[in-house]
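The residues making up each chain are set out below.
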Amino acid sequence: MKKHPLVSCATLLLWSLSTQAQPNPQAAPVETVQARIARVEQGLSTRVVVKGSANRTMNLTDRMAFHQVPAVSIALINDGRIEWARAYGLADVAGRWPATTSTLFQAASISKSVSAMGALHLVEQGKLVLDGDANRQLSSWKIPHNAFTRREAVSLRMLLNHSAGTTVHGYNGYAPGQPLPTLLQVLDGVAPANSAPVRVDAVPASAWRYSGGGYSIVQLMMMQASGQPFDHCMKAAVLDPLGMTQSTFAAPLPASMRARAATAYDGDGKSVAGSWHVYPESAAAGLWTTPSDLARLVIEVQRAQAGQSDKVVSRRMASTMLTRGLGEYGLGFFVEDLGDRISFSHSGGTEGFRAQFYGYTRTGQGAVVMTNSDNGAALIDEILSSIAAEYGWPEFGVIEKVAIAGDAANNRQLAGEYRLLDRPARIVADGERLYFQSDLFGARRMELFPESKTAFFMTAQDMAIRFERSKDGAIDGFSLVRGANSYPATRAR
């Protein structure tokens, strides 16, 4: 087996820098915070464990090496403030540049949460309307009419909730030096755009379906409403009011900020050509930021919902954002009503970056974790499990599941090539063991533990796979289940 160069991360010193929020007379003593940081660093666990297996916690350094993640940056929110921030590992492996809390990462789909805040700021200014036909707020381009839009018009609320019936799940970005499409070229799928046209192919407000394409329509609406380029609009509406001074939606990344940007790495640990991709689909995926800057956004949502701040949106609008529409989604956030509080969150993944944030209303808790690797999602889950255990979060507790014995003959029937969200996915049989691999979650294979002949769970991430048989008994696809969402995969022919 080829030894990977990032395995050396196991021997690296954990580089860390802390950032302080504004002084808080009720803040925990420094020694208490340091002890908590140490316990988080030593308390990582997979979200799911096989019942009867050894229950053990792991340390961050080892897990970075295991997952081949060069750098991790964390901001921890407690009592409504940034209690601590740390960065670990290398922002660039070849240059041996340590990551710091000022290192920039691509936020990927977390951009949607920030963009939604900006859009709703414009709504409260009277420059956009949340309900009603979105085409009335578009001039240079309009959502093409068809049989679906004749039954129900698309609104800004639907676009922000992913219930507008719009296409294009996500974007692949552009390598440095490649020509960048205009936003109109992206919307119509015209070269040099490398994505399909954004169209409505389901009755608006009939179902929830994630759509980066929908947020590209929002981007155009915001540009036309504000009369500004999108990055300028977002700077004025969100970034500057919240003190997010290390963040930008500019595409490509300005030269003045490139020295602080982390290099992106694929699942095999190779740097992405040109160091990273560029995402002119800014509202959906284009934000460069730090965990501490994103933590300021999380804190503002908490404060706005509590009626303590209106720097970007009012208390009423914050509550609207945190109220589910269709699916598990509000306006820009995944939302869970836990009774005594609401959790709001978003994850993101671009070429070589993975990130996630969580926030809780009423308790003032939350965290932001950013990485520079396609393998970062599993590591982020483990970090959040450790944070949840240390800070008493109601989510991310370790779950025990019962696995039955593997069946080699059955595994051979399930193995093969599949298509998941228009990307290749593989089911690999190795005797009585079965594995799942998709570049959506990194290059590493994740073991599938059987609950039945067609139902399997993973421990690397809290996900399950349910295989589906055709009428003749052949396996023709599976559903990837994550939380309350299910994503279909078809078998490649």
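Residues numbered from 1 in each chain as written. Predicted model: local features only at pLDDT ≥ 70, side-chain atom pairs only at ≥ 80, totals over all residues. Heavy atoms only, no water.

1. Some points on the pairing of strand 10 (residues 366-371)
- When you tally the buried positions in strand 10, you get 6 out of 6 residues, the bulk of the element.
- Both faces of strand 10 are covered, namely the face carrying Gly366, Val368 and Met370 and the face carrying Ala367, Val369 and Thr371.
- With 6 bridges connecting them, strand 2 (residues 71-78) and strand 10 associate as antiparallel partners. Considered in strand 10, the bridge of leucine 76 is made with alanine 367.
- Note: strand 9 (residues 353-360) against strand 10, 6 bridges, orientation antiparallel. Pairing of tyrosine 358 across the sheet is with alanine 367, part of strand 10.
- In sequence, strand 9 turns back onto strand 10 through a hairpin of 5 residues, with arginine 362 there showing a positive phi of about 70°. (Buried < 20%, exposed > 50% of the residue type's maximum accessible area, 1.4 Å probe, protein only. Helix = DSSP H or I, 4+ residues; strand = E, 2+ residues; numbered from the N terminus. Pairing = 2+ DSSP bridges.)

2. A short note on helix 8 (residues 230-239)
- Turning to helix 8, its buried residues are Phe230, Cys233, Met234, Ala237, Val238 and Leu239. One side of helix 8 holds all its buried residues, which, seen down the axis, span an arc of 155°. (Arc of directions from axis to C-beta.)

3. A few points about the sheet that holds strand 10
- If you trace the 7 strands from one edge of the open sheet to the other, you get 4-3-2-10-9-8-7, paired in antiparallel fashion. The strands lining the two open edges of the sheet, one partner per strand, are strand 4 (97-98) and strand 7 (334-337).
- Strand direction decides the pairing type here: strand 7 and strand 8 (residues 342-350), joined by 4 bridges, are antiparallel. Counted as the bridge partner of glutamate 336 is serine 343 from strand 8.

4. What to know about the side chain of serine 479
- By secondary structure assignment, the location of serine 479 is in strand 18 (residues 475-482).
- Polar side-chain contacts of serine 479 include one of 2.6 Å to the side chain of glutamate 468.
- Once residues lying within four places of it in the same chain are set aside, the contact partners of serine 479 are Ala464, Ile465, Arg466, Glu468, Ser486, Tyr487 and Pro488. (Polar contact = N/O pair within 3.5 Å; in protein donor to acceptor, adjacent residues only side chain to side chain. Contact = heavy atoms within 4.5 Å.)

5. Overview of the confidence of the model for the protein chain
- Across the protein chain, the average pLDDT comes to 92, with 94% of residues at or above 70.
- Counting contacts from residues 1-25, a segment whose pLDDT is below 50, to residues more than four positions away or on other chains yields 44 contacts. (pLDDT = per-residue confidence, 0-100.)

6. Examining the environment of alanine 191
- The residue alanine 191 is located in the loop between helix 6 (183-188) and helix 7 (212-226) in this model.
- For the pair formed by alanine 191 and proline 181, sequence separation is 10 residues and the distance between their alpha carbons is 7.0 Å.

7. A few points about the packing of aromatic side chains
- Under the definition given, this model contains 22 aromatic pairs.
- On the numbers, 5.7 Å between centres and 80° between planes, the contact of tryptophan 288 with phenylalanine 353 is edge-to-face. Linking tryptophan 288 in strand 6 (residues 288-289) with phenylalanine 353 in strand 9, this pair joins segments that are 65 residues apart in sequence.
- For tryptophan 288, a relative accessible area of 3% translates into the label buried.
- Taken together, the ring pairs connect Tyr418, Phe436, Phe441, Phe456, Phe467 and Phe478 into an aromatic cluster.
- It is arginine 444 that lies over the ring of phenylalanine 66; its NZ or CZ is 4.3 Å from the centre. (Phe/Tyr/Trp six-rings, centres within 6.5 Å; stacked < 30°, edge-to-face > 60°. Lys NZ or Arg CZ within 6 Å of the ring centre and 35° of its normal.)

8. A closer look at the packing of helix 2 (residues 60-67) against helix 12 (residues 376-391)
- Interaxial distance between helix 2 and helix 12 falls to 10 Å at its minimum, and their mutual angle equals 160°. One element, helix 2, and the other, helix 12, form an angle in the roughly antiparallel class. Classified by chirality, the crossing of helix 12 by helix 2 is right-handed. Between helix 2 and helix 12, the contacting residues are Leu60, Arg63, Met64 and His67 on the first element and Ala378, Leu379, Glu382 and Ile383 on the second.
- For the contact of helix 2 with helix 12, the class distribution of residues is 5 nonpolar, 1 polar and 2 charged. (Axes fitted to C-alpha atoms, helices over the stretch in contact; angles between N-to-C directions. Parallel < 35°, antiparallel > 145°, perpendicular 65-115°, else oblique. Left-handed = near helix turned anticlockwise from the far one by under 90°. Nonpolar A, V, L, I, M, F, W, Y, C, P; charged D, E, K, R; others polar.)

9. Considerations on the pairing of strand 9
- The element strand 9 is extensively covered by neighbouring structure, given that 8 of its 8 residues are classed as buried.
- Neither face of strand 9 is left uncovered, since the one carrying Phe353, Ala355, Phe357 and Gly359 and the one carrying Arg354, Gln356, Tyr358 and Tyr360 both have all their residues buried.
- Summarising the sheet, strand 8 and strand 9 pair through 8 bridges and their orientation is antiparallel. For histidine 346, the partnering residue across the bridge sits in strand 9 and is phenylalanine 357.
- In this antiparallel pair of consecutive strands, strand 8 and strand 9, the connection spans 2 residues, and glycine 352 shows a positive phi of 90°.

10. Looking at the nonpolar core
- Counting 93 residues, the largest nonpolar core has Val114, Leu120, Leu160, Ile217, Met222 and Val238 as the members making the most contacts within it.
- Beyond its immediate stretch of four places on either side in the chain, methionine 222 contacts Ser115, Gly118, Ala119, Leu122, Leu128, Phe230, Cys233 and Met234. (Core = buried A, V, L, I, M, F, W, Y, C linked by side-chain atoms within 4.5 Å.)

11. Focus on empty space enclosed by the protein
- Inspection of the entire model under this criterion finds 3 cavities of 30 Å³ or more.
- Approximately 70 Å³ is the volume found for the largest cavity.
- Lining the largest cavity, in full, are Gln106, Ala250, Ala251, Pro252, Leu253, Trp276, His277, Val278, Tyr279, Ala285, Gly286 and Trp288.
- For the lining of the largest cavity, the residue count by class is 9 nonpolar, 3 polar and no charged.
- In this structure, the second largest cavity spans a volume of roughly 40 Å³.
- Lining of the second largest cavity is provided by Asp133, Asn135, Ile143, Pro144, His145, Thr149, Ala153 and Val154.
- Its residues placed into classes, the lining of the second largest cavity shows 4 nonpolar, 3 polar and 1 charged. (1 Å grid on protein atoms, 1.4 Å probe; cavity = no way out; pocket = protein on both sides within 12 Å on 5 of 7 lines; lining within 4 Å. Points joined across faces, edges and corners; volume = space filled by probe spheres on them.)

12. Regarding the environment of tyrosine 391
- One can find tyrosine 391 in helix 12.
- Classification of tyrosine 391 as buried rests on a relative accessible area of 7%.
- For the pair tyrosine 391 and valine 40, spaced 351 residues apart in sequence, the C-alpha separation works out to 9.3 Å.
- Contact partners of tyrosine 391, with chain neighbours within four places excluded, come to Arg36, Val40, Leu76, Asn78, Glu83, Trp84 and Gln365.
- At 2.6 Å, the side chain of tyrosine 391 and the side chain of glutamate 83 are in polar contact.

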